[in-house]
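Next come the chains, spelled out residue by residue.
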Amino acid sequence: MLIPKTGIVFPERHKNTQKTRYHQVEMLIAKKLDRKIHRLKKKLASQQKDSKRRNASHLQIAKLHNEIADIRTDFLHKLSTKIVNENQVIVLEDFNVSGMVNNRKLARAINQLAMV
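Just so it is clear, the structure is predicted and the values come from calculations on it, not from any experiment. (Residues numbered from 1 in each chain as written. Predicted model: local features only at pLDDT ≥ 70, side-chain atom pairs only at ≥ 80, totals over all residues. Heavy atoms only, no water.)

Regarding the overall build of the chain
Now for step 1: On a plain count of helices and strands, the chain comes out with four helices and zero strands.
Now for step 2: Listing the helices and strands of the chain from first to last along the sequence gives α-α-α-α.
Now for step 3: Counting the 116 residues in the chain, one finds 22% classified as buried.
Now for step 4: If you take every contact in the chain between residues at least 6 apart in sequence, the share linking residues at least 24 apart comes to 45%.
Now for step 5: With an accessible surface of roughly 9500 Å², the chain has 54% of that area assigned to carbon and sulfur atoms. (Helix = DSSP H or I, 4+ residues; strand = E, 2+ residues; numbered from the N terminus. Buried < 20%, exposed > 50% of the residue type's maximum accessible area, 1.4 Å probe, protein only. Contact = heavy atoms within 4.5 Å. Areas by Shrake-Rupley, 256 points an atom, 1.4 Å probe, with all protein chains shown as cover.)

If you want it as structure tokens, here you go:
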């Protein structure tokens, strides 16, 4: 059974579906937090500079960025451990990630995968 930070419980059915579900949950959480950051940044832009409320909003945005980074790092650690434990041979491929990030349609998805 999967219980991520949000408290959503997913029953375990098959081994291969559990992996994809956990990835989907992690990305869903990160996506929600991205939207929340976007909303807070818009709010921050209209606030008066050097005010207490603006500083508090800035701190809140920084905490959300840290939370997203922790979620992604946690997922990558779990995924890499699972890959190493399940496979005998690991083959790496060299991508031009910096070139792919320049594509506006792919940039957000690539950054969410933490390939950079």
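There's more to say after this.
Examining the nonpolar core
Now for step 1: Grouped together as the largest cluster of nonpolar side chains are ten residues: Val25, Ile29, Leu33, Ile37, Leu40, Leu44, Ile61, Leu64, Ile68 and Ile71.
Now for step 2: Only helix 1 (15–45) and helix 2 (52–86) provide two or more residues apiece to this core.
Now for step 3: Counting residues per element, this core draws most heavily on helix 1, at six residues.
Now for step 4: Beyond its immediate chain neighbours, meaning those up to four positions away, leucine 40 contacts Gln60, Ile61 and Leu64. (Core = buried A, V, L, I, M, F, W, Y, C linked by side-chain atoms within 4.5 Å.)

Let's talk about the side chain of serine 57
Now for step 1: Looking at the element boundaries, serine 57 is found in helix 2.
Now for step 2: Polar contacts involving the side chain of serine 57 include one to the side chain of glutamine 47, which spans 3.4 Å.
Now for step 3: What serine 57 contacts, discounting residues up to four positions off in sequence, is Leu44 and Gln47. (Polar contact = N/O pair within 3.5 Å; in protein donor to acceptor, adjacent residues only side chain to side chain.)

Examining a positive patch on the surface
Now for step 1: A cluster of basic residues, Lys36, Arg39, Lys43 and Arg53, forms a positive patch at the surface.
Now for step 2: At three residues, the largest contribution of residues to the positive patch is made by helix 1.
Now for step 3: As for its position among the elements, arginine 53 is in helix 2.
Now for step 4: Overall, arginine 53 belongs to the exposed group, its relative accessible area being 62%. (Patch = residues over 30% accessible without salt bridge, like charges linked within 9 Å, V, L, I, M, F, W, Y side chains within 5 Å. Salt bridge = Lys/Arg side-chain N within 4 Å of Asp/Glu carboxyl O. Lys, Arg positive; Asp, Glu negative; His and termini not counted. Charge placed at Lys NZ, Arg CZ, Asp CG, Glu CD.)

Looking at helix 4 (residues 104–112)
Owing to its 3.6 residues per turn, the α-helix brings residues three or four apart onto one side.
Now for step 1: Within helix 4, the full set of buried residues consists of Ala107, Ile110 and Gln112.
Now for step 2: With a side-chain oxygen positioned 3.1 Å from the backbone nitrogen of lysine 105, the residue opening helix 4 is asparagine 103.

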